[in-house]
Amino acid sequence: MGADHTRPTPPAPPGVRRVLLVTVVPLVVATVVAAVLLWPRNAPEADGGGDPARYHGTVTRVVSEACPSPAETPEDTPGGQPTRCGTVTVRVENGPAAGQQVEAPIPDGPGAPAVEAGDEVVVVELTDPADPSSSSWNVAEHQRGEPLGWLALIFAAAIVAFGRWRGLAALAGLAASFGILLTFVLPGISAGHPPLLVAVVGAALIMFVVLYLTHGVTAQTSVAVLGTLGSLVLTGVLGALATAAAHLTGFGSEDALTLSMFQSDVDLRGLLLAGIIIGSLGVLDDVTVTQAATVTELAHANPGLSRLQLYRAATRVGRAHIASTVNTIVLAYAGASLPLLLLLTADSRPVSQILTSEFLAQEIVRSAVATLGLIAAVPLTTGLAAIVTTAGRSVTAPAGDEPAPVSPTARPGFDRTDVLEALSAARPGPTPNPPPAAPGGRPEADGRTDSAW
């Protein structure tokens, strides 16, 4: 996550480093203490006792046959009239039936996998509750471990090849993000802790680990950390106010309804706010790191820029970044909800009612709140970066828009060998048509003099 900047960051003055240390370290300690207090110690265990065992297998033969006519199909057949009929022979690769050839019906119905001989599939053994000695086999899905493994390997190799050590650090940060989500955020919410509080603490943990691991422990990174944390808190406050004003309950999607049936004690409205926080973090750290690096690069390129000039120049870069990122946020949410959006387009209700429905209202709130937090991150991070970058200057830069006075630079020295070679070189001959000289021996304004140097 975040931007990559290979130029070493100039060291900040000792006073600035002390101020950042006193500011950031207590925040890190508070985050760690909150994580310890909220750490899920009584998270509910996943009950997989009712799920059938799944085994890997390879399809050795597929025999297709004509499906029975509607008159021959029982009316209570699950899924209605079948469209694909026949049997699939599968060689089981693990489990009690490893090495055996079992037969299963050809998968049929919406979303059923299309299998051919040689496909690697996942099969399940179903036991008849009335007769435990009677069982049947079904093809559940294709095995996806190998293609996903190759894709992950190519993904990691491309990041390391392009980013080198920085890319390796980015992969470590990505692993840390998933680790915090899977071991703290999700189990903490399942254990009944307030989802918003768990999300804020988890996002802060991810931010500290990823930013410092990827970009190094520098003043520039600390500025990005403070800007990200401030924007996250603002996003959480705005999200709470917006969901309360819109009377959102969190029951706007089928996933939320399904979750409420399995875990009735989960605060779905808090879960909606937690999703806004986690979803905003990935974009926020990119913006804050970019703004902090932009101020640093501008100050390095032109040390005479004042604090206000640095702020204004970097803010112009931030505006261009925000203009593209806002569209990214909206499209990301729309892409994740595309099936439901298509379902809503077939709705016969007026557009005003569709837009104010629970589902679309929470997506609008999610996008708007994330965008507001993103916009706030630009001036906040840019202002902090401008203060830190210009702190400790020996010469005070003038305020306002006028550039700082540039002291006359010393005349560059010449190497002794170059001087001797220039003196010993043959002087060029007289030019055939020398330029007319002005009074006083100076050439005319449009003339030119050639020097032996």
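Residues numbered from 1 in each chain as written. Predicted model: local features only at pLDDT ≥ 70, side-chain atom pairs only at ≥ 80, totals over all residues. Heavy atoms only, no water.

## Comments concerning the overall build of the chain
Assigned secondary structure in the chain consists of 11 helices and five strands. Within the span of the chain, comprising 453 residues, buried residues form 33% of the whole. Of the contacts made within the chain by residues no fewer than 6 positions apart, 69% connect residues no fewer than 24 positions apart. Carbon and sulfur atoms make up 63% of the accessible area of the chain, which totals about 27,200 Å². (Helix = DSSP H or I, 4+ residues; strand = E, 2+ residues; numbered from the N terminus. Buried < 20%, exposed > 50% of the residue type's maximum accessible area, 1.4 Å probe, protein only. Contact = heavy atoms within 4.5 Å. Areas by Shrake-Rupley, 256 points an atom, 1.4 Å probe, with all protein chains shown as cover.)

## Description of the environment of Val201
Looking at the secondary structure, you find Val201 in helix H3 (residues 195-215). Given the relative accessible area of 7%, Val201 is considered buried. Residues Val201 and Thr31, 170 residues apart in the sequence, show an inter-C-alpha distance of 6.1 Å.

## Comments concerning helix H6 (residues 268-301)
Between its first and last C-alpha, H6 extends 50 Å over 34 residues, near the 50 Å set by a 1.5 Å rise per residue. Taken as a whole, H6 carries its principal kink of about 35° at Leu281. (Expected span 1.5 Å × (residues − 1). Bend = angle between axes of the 7 residues up to and from the residue.)

## Some points on the environment of Ala313
The topology assignment puts Ala313 in helix H7 (residues 307-336). In this structure, the C-alpha to C-alpha distance between Ala313 and Val295, residues 18 residues apart in sequence, is 8.2 Å.

## Concerning the state of the cysteines
Such a bond, covalent and formed between the sulfur atoms of two cysteines, is termed a disulfide. Counted by the stated rule, this structure contains one disulfide. Across a sulfur-sulfur distance of 2.2 Å, Cys67 and Cys85 are joined as a disulfide pair. On the sign convention where negative means left-handed, the S-S torsion of about 115° between Cys67 and Cys85 marks this disulfide as right-handed. Placement of Cys67 in the loop between strand E1 (54-65) and strand E2 (85-92) and of Cys85 in strand E2 is noted, with a sequence separation of 18 residues between them. Given a relative accessible area of 25%, Cys67 falls into the partly exposed group. Classification of Cys85 as buried rests on a relative accessible area of 13%. (Disulfide = S-S within 2.5 Å.)

## Re the confidence of the model for the chain
When pLDDT is averaged along the chain, the result is 78, and 78% of the positions lie at 70 or above. Taken as a whole, residues 1-6 scores under 50 in pLDDT and shows 19 contacts with residues more than four places along the chain or in a different chain. Predicted confidence for residues 440-453 stays below pLDDT 50, and this span has 12 contacts to residues more than four positions away or in other chains. (pLDDT = per-residue confidence, 0-100.)

## Details of the pairing of E1
With five bridges connecting them, E1 and strand E4 (residues 120-127) associate as antiparallel partners. Looking at E4, one finds that Arg54 is bridged to Val124. Pairing of E1 with E2, which is carried by eight bridges, proceeds in the antiparallel orientation. Bridged to Gly57 within E2 is Val92. (Pairing = 2+ DSSP bridges.)

## Concerning the sheet that holds strand E5 (residues 135-142)
Taking strand neighbours across the sheet as the criterion, the five strands line up as E3-E2-E1-E4-E5 in an open arrangement whose pairing is antiparallel. The open sheet is flanked by strand E3 (101-105) and E5, the only strands paired with a single partner. Strand-to-strand twist in this sheet, taken as the mean axis angle between neighbours without regard to direction, amounts to 45°. (Axes fitted to C-alpha atoms, helices over the stretch in contact; angles between N-to-C directions.)

## Considerations on the nonpolar core
Core analysis: the largest hydrophobic core is formed by 52 residues, its most contacted members being Phe184, Met207 and Phe208. Mapped by element, the contributors of at least two residues to this core are helix H1 (14-38), helix H2 (145-190), H3, helix H4 (219-245), H6, H7 and helix H10 (358-390). A per-element tally of this core places H3 first, with 12 residues. In this structure Phe184 touches Ala35, Leu38, Trp39, Pro40, Gly179, Val198, Val201 and Gly202, once residues within four positions along its chain are discounted. Counting residues in hydrophobic clusters, the runner-up holds 14 residues, among them Val102, Val115, Trp137 and Val139. (Core = buried A, V, L, I, M, F, W, Y, C linked by side-chain atoms within 4.5 Å.)

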